[in-house]
Amino acid sequence: MYSDIITSLIILSVMLAALIGFGRLLEGHISALWKYRLDFLFFAVLIMPFVPCVKTVGTSAVTTQHTGASAALTDGIATAARAAEDIAVNRKVIPPEVLIIIWAVGAALVLTVFAAGSLNMKRLRDRAETADTKTAECFAECLKETGTSGRISLKVCGCVSPSLSGLLNAVILIPDMEMSDEDMRHVILHELTHYKRKDTAVCLAACIFKAVYWFNPVVWLAFDTMKNDMEAACDEAVMCLTGNGAAYGRTVLRFAARQRGAAVQMGGGKRQIKRRIRAAADFKGIKKGAGIKGGILLAVLTALIVPWTPAVSVTAVERTAETAGENIASEDMSRYFGEFDGSFVLYELNADKYTIYNEAESLKRVSPNSTWKTVCALAALEKGVITPENSTLEWDGTKYSIEAWNRDLNLYEAMQCSSNWYFERLYGADPEGVRETFKRLGFGNCDFSGDSFWAESSLKISAREQTEVLRKIYTNECGFSEENIQAVKNAVKISDGLYGKTGSGMVNGHRVNGWFAGFAEKDGEVYFFALNIRGKDNADGKLAADTAIRILADRGIIEYEN
């Protein structure tokens, strides 16, 4: 989960930075209004992490190449399955509750500062007085000139700079000072433009997003950019109405002040004022076709951004591509899972037929936990780290809580007790070789960037992919040594006719993810299966194995008496 959030924030920040940089390159090439409109893509990017969606990735197609086998099953399968249960590595992470508290404190501080500014503006509004007749007449003329209607008034108060305050009952506040008729007209036209464009609502939305992303400086930079572009767009609108950029620039200079709360003010910071004065001095009107150019740019950028939603969304579920076909049958097996989430996939090799419980979940990629050890064993055999005849590794004397680990182990023994040190040693002897084998078999996302040997970390696989990997190993579709394939089969053997490996995921002491993936042989048919079970606690490899065995037994694939 945390890696997904970090990845999302990195991609989000890069996208925002790219939009900011692209916007600066566009200065002078499109109108100020369209540059401001492009900034609304900031909101689109910042919403993306919260958009529920599915991250679909490809998976290899199922073929019918196979080799048949048959064997008699013995009693005591449950005991053997429990012996194959792995021991989960307790992955310790900062509890989500702690991170939520830290985030909430930061967001509350940002909102408190914003609220304080808004409260100050309210006090100014409450103390404001009705404008004199001359100012009221100018206001009425400007309303008519801009075609503005609605619940908006003009008042005079002790503010430093003209500003627009309020969403429903908007008020233009102007300083209680002597102003020329020209300055007064410029001021009112500027604030009315803010009102018509609903800029106070935009500022409020920006404050909310800054509170949500208070820890991300790129977000703050993005909205500072948007505020500057907002003012530039209003300047442009007023200059188009008055036709005198130089005169308007002098007005802006006289009312340089900073933003306060949710109000929209006519001034700004020193850099912004310099930029606006320069733009006023250079103003020659809006070039013909500027709207078309801006609209095309907005459409193109939107089309480029939207496809990134699954990569940025922290709620996105990673699933393999669905493969519709007559060989897939859905079956309700919820009675086996009880209160737990999960899925079960059964593939019959000769019949080329799938039976799936909870198809959507069967396509969802989650941590494989210790089931990766099956592929690791094959990789080590292929690379000569161990051989079928000599697979024993010497114990280094480190004392483990699992007594079965505290001795020299061969491949079969290590697989049965799921010894972490044994398989970590195999991986460490030839990491590139192991990763190459994973990729060759198409083991999930083949993402080895995480730690703890991918226990509840970066490596993920779906139940459908688990059965496909096992089928490839069983049929030796990828051209491995037959001797090595047989050695792996022997290592995961639970009883005559039943083979499998469990996996358990533990986070902060809670068993949250359980696997049992393997195959069974009966009457010339080979059944590949993968069961994944998840919950807040008590979901582990033992539960997964017990559940899968009951399903297989009830279908007559194995013989088992509880």
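Residues numbered from 1 in each chain as written. Predicted model: local features only at pLDDT ≥ 70, side-chain atom pairs only at ≥ 80, totals over all residues. Heavy atoms only, no water.

Moving on: the pairing of strand E11 (residues 353-357). With respect to burial, E11 is a largely interior element, four of its five residues being buried. Taken together, strand E10 (residues 341-348) and the strand that follows it, E11, pair antiparallel across an intervening segment of four residues, in which Asp352 is found at a positive phi of about 50°. (Buried < 20%, exposed > 50% of the residue type's maximum accessible area, 1.4 Å probe, protein only. Helix = DSSP H or I, 4+ residues; strand = E, 2+ residues; numbered from the N terminus. Pairing = 2+ DSSP bridges.)

A few words on a nonpolar patch on the surface. Taken together, the side chains of Ile94, Val98, Leu99 and Ile102 make up a nonpolar region of the molecular surface, amounting to roughly 330 Å² of accessible area. Within the secondary structure layout, Ile94 lies in the loop between strand E2 (90-91) and helix H5 (96-127). (Patch = residues over 30% accessible without salt bridge, like charges linked within 9 Å, V, L, I, M, F, W, Y side chains within 5 Å. Areas by Shrake-Rupley, 256 points an atom, 1.4 Å probe, with all protein chains shown as cover. Salt bridge = Lys/Arg side-chain N within 4 Å of Asp/Glu carboxyl O.)

This next bit is on helix H7 (residues 181-196). Think of an α-helix as 3.6 residues a turn; residues three or four steps apart then line up on the same face. For H7, built from 16 residues, the straight-helix expectation of 22 Å at 1.5 Å per residue is met to within 8% by its first-to-last C-alpha distance of 22 Å. With twelve of 16 residues buried, H7 lies mostly within the body of the structure. (Expected span 1.5 Å × (residues − 1).)

With that settled, consider the pattern of salt bridges. Counted by the stated rule, this structure contains 17 salt bridges. Of the charged contacts in the structure, one is a salt bridge between Asp181 and Lys134, with a shortest N-O distance of 2.9 Å. Of this pair, Asp181 sits in helix H7 while Lys134 sits in helix H6 (residues 133-146); the two residues are 47 residues apart in sequence, bridging distant segments of the chain.

Further remarks concern the packing of aromatic side chains. In this structure the tally under the stated criterion is 20 aromatic pairs. Here Phe43 and Phe209 contribute two aromatic rings whose centre-to-centre distance is 5.5 Å and whose plane-to-plane angle is 50°, an arrangement assigned as tilted. With Phe43 in helix H3 (residues 41-47) and Phe209 in helix H8 (residues 199-212), this residue pair connects regions lying 166 residues apart in the sequence. Take Phe209: its relative accessible area is 15%, and that puts it in the buried class. Between Phe519 and Phe528, the aromatic rings sit 6.0 Å apart at their centres with planes inclined by 50°, giving tilted as the arrangement. Classification of Phe528 as buried rests on a relative accessible area of 0%. Ring-pair connections join several aromatic residues into one group, and the members of that group are Tyr36, Phe40, Phe43, Phe209 and Phe223. Lying over the aromatic face of Tyr195, Lys198 brings its terminal NZ or CZ to 5.4 Å of the ring centre. (Phe/Tyr/Trp six-rings, centres within 6.5 Å; stacked < 30°, edge-to-face > 60°. Lys NZ or Arg CZ within 6 Å of the ring centre and 35° of its normal.)

This paragraph deals with the confidence of the model for the protein chain. Mean pLDDT over the protein chain works out to 86, with 87% of the residues at or above the 70 mark. Between residues 59-85, whose pLDDT stays under 50, and residues either more than four places distant or in other chains, the model counts 79 contacts. Considering only residues more than four positions removed or in separate chains, one finds that residues 257-264, a stretch of pLDDT under 50, has 39 contacts. (pLDDT = per-residue confidence, 0-100. Contact = heavy atoms within 4.5 Å.)

Looking now at a negative patch on the surface. Residues Glu129, Asp132, Asp176 and Glu178 make up a contiguous surface patch of negative charge. You can see Glu129 is positioned in strand E3 (residues 129-130). (Lys, Arg positive; Asp, Glu negative; His and termini not counted. Charge placed at Lys NZ, Arg CZ, Asp CG, Glu CD.)

The topology assignment puts Ser330 in strand E9 (residues 328-330). You can call Ser330 exposed: its relative accessible area is 58%. Filtering out sequence-adjacent residues up to four positions away, Ser330 remains in contact with Ile356 and Glu359.

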